[in-house]
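# Examining the three-dimensional arrangement
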Amino acid sequence: MSYAYLFKYIIIGDTGVGKSCLLLQFTDKRFQPIHDLTIGVEFGARMITIDNKPIKLQIWDTAGQESFRSITRSYYRGAAGALLVYDITRRETFNHLASWLEDARQHANANMTIMLIGNKSDLSHRRAVSTEEGQQFAKEHGLIFMEASAKTPQNVEEAFINTAATIYKKIQDGVFDVSNEVFSCFPLLSYLDGCIMIFYDKINTFIRLISESLV
Ligand SMILES: Nc1nc2c(ncn2[C@@H]2O[C@H](COP(=O)(O)OP(=O)(O)O)[C@@H](O)[C@H]2O)c(=O)[nH]1
Ligand SMILES: [Mg+2]
């Protein structure tokens, strides 16, 4: 199917906040209740429509490297949007947001649109971070904000689509130029780049696991 634009998204945030589940819910409309570090979704895609134009979202998931903080530059390369996710029931995942932003600032395009997501809104009885705190953080750092649940699936569609609408508006306003991004122009290049990155990270993870089991 042809599309007017291809937007690359990345999903970042601590392990266990629900990044893979958000992706799975958006692309497959299902929820995976079992947490298995070895099963990373790695890659997802879906067509959406903004302003009557078909847009393909190509979404990268970290496949577990985030626990080693070994996310590479190529993960960020060419990303037009990022979902920065924390878990509303685990305060430490909210406390780490600043360091995720620092990472993004270092590696990503300065005009990348960042959507902050307080995930697991269905677990409000175990809430450790208030909605107002999320809003405040987003306001201070110029992010869009939403609470969502990969389970129910409250706001999942909205999170991905609102991000795309913001990117689309930036393109219309001339603030963001996707054609500048070599990798989003050539989907095959971007795909190969991603495969190399995943392969590289798998080897990295493997070496780390081996060396950890030796000491
Ligand atoms: N109740 C609830 N559990 C969730 C939600 N999203 C993810 N989970 C659970 O949280 C755990 C971690 O999810 P996962 O997507 O693997 O996190 P990741 O490490 O950030 O990719 C899994 O057990 C999921 O089933 C949610 O919105 N609500
Ligand atoms: Mg994951």
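Here goes a summary of the coordinates provided. (Residues numbered from 1 in each chain as written. Chains lettered and ligands numbered in written order. Predicted model: local features only at pLDDT ≥ 70, side-chain atom pairs only at ≥ 80, totals over all residues. Heavy atoms only, no water.)

## Considering helix H6 (residues 156-172)
Look at H6: 25 Å from first C-alpha to last across 17 residues, which is about the 24 Å you get at 1.5 Å a residue. Among the residues making up H6, those that are buried are Val156, Ala159, Phe160, Thr163, Ala164, Ile167, Tyr168 and Ile171. Seen end-on, H6 carries its buried residues on one side only, within an arc spanning 165°. (Helix = DSSP H or I, 4+ residues; strand = E, 2+ residues; numbered from the N terminus. Expected span 1.5 Å × (residues − 1). Buried < 20%, exposed > 50% of the residue type's maximum accessible area, 1.4 Å probe, protein only. Arc of directions from axis to C-beta.)

## A closer look at the site of ligand 1
Not every one of the 20 residues close to ligand 1 is listed here, only the nearest: Gly16, Lys19, Cys21, Asp122 and Ala150. The separation between a nitrogen atom of ligand 1 and a polar side-chain atom of Asp122 is 2.7 Å. In this structure, an oxygen atom belonging to ligand 1 sits 3.4 Å away from a main-chain N or O atom of Lys151. The fraction of the free accessible surface of ligand 1 (580 Å²) that becomes covered by protein chains is 89%. (Near = heavy atom within 4 Å. Polar contact = N/O pair within 3.5 Å; in protein donor to acceptor, adjacent residues only side chain to side chain. Areas by Shrake-Rupley, 256 points an atom, 1.4 Å probe, with all protein chains shown as cover.)

## Comments concerning the pairing of strand E4 (residues 81-87)
In terms of burial, E4 is a largely internal element, seven of the seven residues being buried. Of the strand pairs in this sheet, strand E1 (residues 5-12) and E4 are connected by four bridges, and their pairing is parallel. Opposite Tyr9, over in E4, you have Gly81 as the bridge partner. (Pairing = 2+ DSSP bridges.)

## Re the sheet that holds strand E3 (residues 53-60)
The six strands are arranged E2-E3-E1-E4-E5-E6 in an open sheet whose pairing can be described as mixed. Every interior strand has two partners, whereas the edge strands, strand E2 (43-50) and strand E6 (144-147), have only one. Across the sheet, the axes of successive neighbouring strands diverge by a mean angle of 25°, strand direction being ignored. Sheet topology places E1 next to E3; six bridges connect them, and they run parallel. Among the inter-strand pairings, Phe7 is bridged to a residue of E3, identified as Leu57. The strands touched by helix H4 (residues 97-107) are E1, E4 and strand E5 (113-119); relative to E4, the strand with the most contacts, the crossing angle is about 165°. Contacting E4, E5 and E6, helix H5 (residues 131-141) crosses the sheet at an angle of about 165° to E6. (Axes fitted to C-alpha atoms, helices over the stretch in contact; angles between N-to-C directions. Contact = heavy atoms within 4.5 Å.)

## A short note on the pattern of salt bridges
If you walk through the whole model with that rule in mind, you get 10 salt bridges. Glu92 serves as the salt-bridge partner of Arg90, at 3.3 Å between the closest nitrogen and oxygen. Between Arg127 and Glu147 there is a salt bridge, and its shortest N-O distance comes to 2.9 Å. In this pair, Arg127 is assigned in the loop between E5 and H5 and Glu147 in strand E6, connecting sequence segments 20 residues apart. What makes Arg127 partly exposed here is its relative accessible area of 32%. Take Glu147: its relative accessible area is 12%, and that puts it in the buried class. (Salt bridge = Lys/Arg side-chain N within 4 Å of Asp/Glu carboxyl O.)

## Thoughts on the nonpolar core
Counting 29 residues, the largest nonpolar core has Phe7, Tyr9, Leu57, Ile59, Ile117 and Phe160 as its most contacted members. Looking at this core, the elements that each hand over two or more residues are E1, helix H1 (19-28), E2, E3, E4, E5 and H6. Per-element accounting of this core gives the leading share, seven residues, to H6. With sequence-adjacent residues up to four places away left out, Ile59 is seen in contact with Tyr9, Ile11, Leu23, Phe26, Thr27, Glu42, Phe43, Gly44 and Phe160. In terms of nonpolar packing, the next biggest core, distinct from the first, is built from 24 residues, Tyr76, Trp100, Ile114 and Leu116 among them. (Core = buried A, V, L, I, M, F, W, Y, C linked by side-chain atoms within 4.5 Å.)

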